[in-house]
Amino acid sequence: MPGIMENGLFLLLLKIYGALFILGPILLRAQFRFKAKLNPQIVPLESLPADVQQCISPRVAAITGLGFELVGYVSVPLTSSTASFMALFSNSRTLEWADISVAKSTKQMKGYIEFITRCSDDSQVDTNTSATVPVLSPTPSYRVFRFPQIKDPFTLYRAHRMLVQQNTGGSKPELPPKGQELAELKRRLERYGVRQQKWGYMYLDATSENFRLTWKGAILGAWRSIWPISLLRNLWMQNQSQTRLRSMGVGQYRSA
């Protein structure tokens, strides 16, 4: 061990790693902004970035084939560096939402499919294919289940229907009147900052235009994103989702 510790490269790497735990929260807190008032807009498919179109377009038919109606293609600026695009769907028979979402920043692009059931008692079940493990606080009444193993909407929707039955206690699903879908999406997205403020992870800045991270939110957000913590959290999430799929008897490798 003394021989290893005397190695200059090892000590340098150790110092850099330690610096990440100190500087990471500082930089994240200084840079992070989440808009308090969001303005989702219905836009033509052709106006979306080409790579976003390529991610969304091939999956639309599979969602409508499950009984969902396409509300429209939506553009939502979320932060100063990230925009969200989605194909938004609703199902007037089951009173549920679906979307194909893509978050695009200057550095990367990530997409996923999602089904959402929101109930009259403010409970919500969200089942999606996102491989991103959240770094801030979950809301107890909003159950989010991530299954990155699932590759097609049919299997995901099957899992979603089972999870709704298990987690809503028979509460009645709610869907806004036709034509009010965009307004409800706006309320749903804006609730995120308010919930994080409630748990002490964010606060509304002096202009009331943006939510910013508290030190608590910045420290947890940065530390949970550092390797190997991020790797371990991702492995834990995938193991949990795999176990849940097996318990429900849902096959996750059905071809799209």
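Just so it is clear, the model here is predicted, and its values are computed rather than measured. Numbering of residues starts from 1 in each chain and follows the order in which that chain's sequence is written. With the structure being a predicted model, the display of local features is reserved for residues of pLDDT at least 70 and the display and counting of side-chain atom pairs for 80 or more, all residues being used for whole-chain, interface and lining totals. Side-chain numbers come from the whole structure's heavy atoms, not from hydrogens or water.

1. Digging into the confidence of the model for the chain
Low pLDDT means the predicted coordinates in that region are not meant to be read closely.
At step 1: How sure the predictor is of each residue is captured by pLDDT, a score from 0 to 100. Chain-level statistics for the chain give a pLDDT mean of 89 and a share of 95% at 70 or above.
At step 2: The least confident element of the chain is helix α1 (residues 2-5), whose mean pLDDT is 51; the most confident is strand β9 (residues 202-204), at 96. Helix and strand assignments come from DSSP, with helices taken as H or I runs of at least 4 residues and strands as E runs of at least 2, each series counted from the N terminus.

2. Brief notes about the packing of helix α2 (residues 8-31) against helix α6 (residues 215-223)
At step 1: To obtain each axis, a line is fitted to C-alpha atoms, and for helices this fit is confined to the stretch in contact; angles are then taken between N-to-C directions over 0 to 180 degrees. The N-to-C vectors of α2 and α6 enclose an angle of 120°; their axes lie 8 Å apart at closest approach. Between α2 and α6, the angle is such that the two are oblique. Considering how the two elements wind past one another, α2 and α6 form a crossing that is right-handed. Residues F21, G24, P25, I26, L28 and R29 of α2 lie in contact with α6, whose contacting residues are W215, A218, I219, G221, A222 and W223.
At step 2: When residues are grouped by polarity, Ala, Val, Leu, Ile, Met, Phe, Trp, Tyr, Cys and Pro land in nonpolar, Asp, Glu, Lys and Arg in charged, and all others, Gly among them, in polar. Grouping the amino acids of the contact of α2 with α6 by side-chain chemistry returns 9 nonpolar, 2 polar and 1 charged. Comment on the angle field: the value is read as roughly parallel under 35 degrees, roughly antiparallel over 145, roughly perpendicular from 65 to 115, and oblique elsewhere. Each crossing gets its hand from how the near helix is turned against the far one by less than a right angle, where anticlockwise is left-handed and clockwise is right-handed. Contacts between residues were defined by any pair of non-hydrogen atoms, one from each residue, lying within 4.5 Å.

3. Observations regarding the packing of aromatic side chains
At step 1: Note on aromatic pairs: the rings of Phe, Tyr and Trp (six-membered ring only in Trp) are paired at centre separations within 6.5 Å, and the planes decide the class, stacked below 30 degrees, edge-to-face beyond 60, tilted for the rest. In total, this model carries 6 aromatic pairs according to the counting rule given.
At step 2: Plain terms: the ring middles of F115 and Y157 are 4.8 Å apart, the flat faces sit at 40° to each other, and that makes the pair tilted. Here the residue F115 occupies a position in strand β6 (residues 109-118), and Y157 occupies one in helix α4 (residues 153-167), the gap between them amounting to 42 residues.
At step 3: Burial classes follow relative accessibility: with a 1.4 Å probe on protein chains only, a residue under 20% of its type's maximum area counts as buried, one over 50% as exposed, and anything between as partly exposed. The exposure class assigned to F115 is buried, which follows from its relative accessible area of 0%.
At step 4: Grouped by ring-pair contacts, the aromatic residues Y17, F21 and W223 constitute a single cluster.
At step 5: Only when the NZ of Lys or the CZ of Arg is both within 6 Å of the ring centre and within 35 degrees of the ring normal is a charge said to sit over the ring. Note that R188 overlies the ring of W97, its terminal NZ or CZ placed 5.4 Å from the centroid.

4. A short note on the side chain of S90
At step 1: Relative to the elements of secondary structure, S90 occurs in strand β4 (residues 82-91).
At step 2: The class for S90 is buried, based on a relative accessible area of 8%.
At step 3: Apart from the residues within four sequence positions on either side, S90 is in contact with F68, E69, V71, E96, W97, L175 and E181.

5. With respect to the pairing of strand β3 (residues 69-77)
At step 1: Here, any two strands with at least 2 DSSP bridges between them count as paired. One ladder, built from 3 bridges, connects strand β2 (residues 41-43) with β3; its direction is antiparallel. If you follow I42 over to β3, its bridge partner there is V74.

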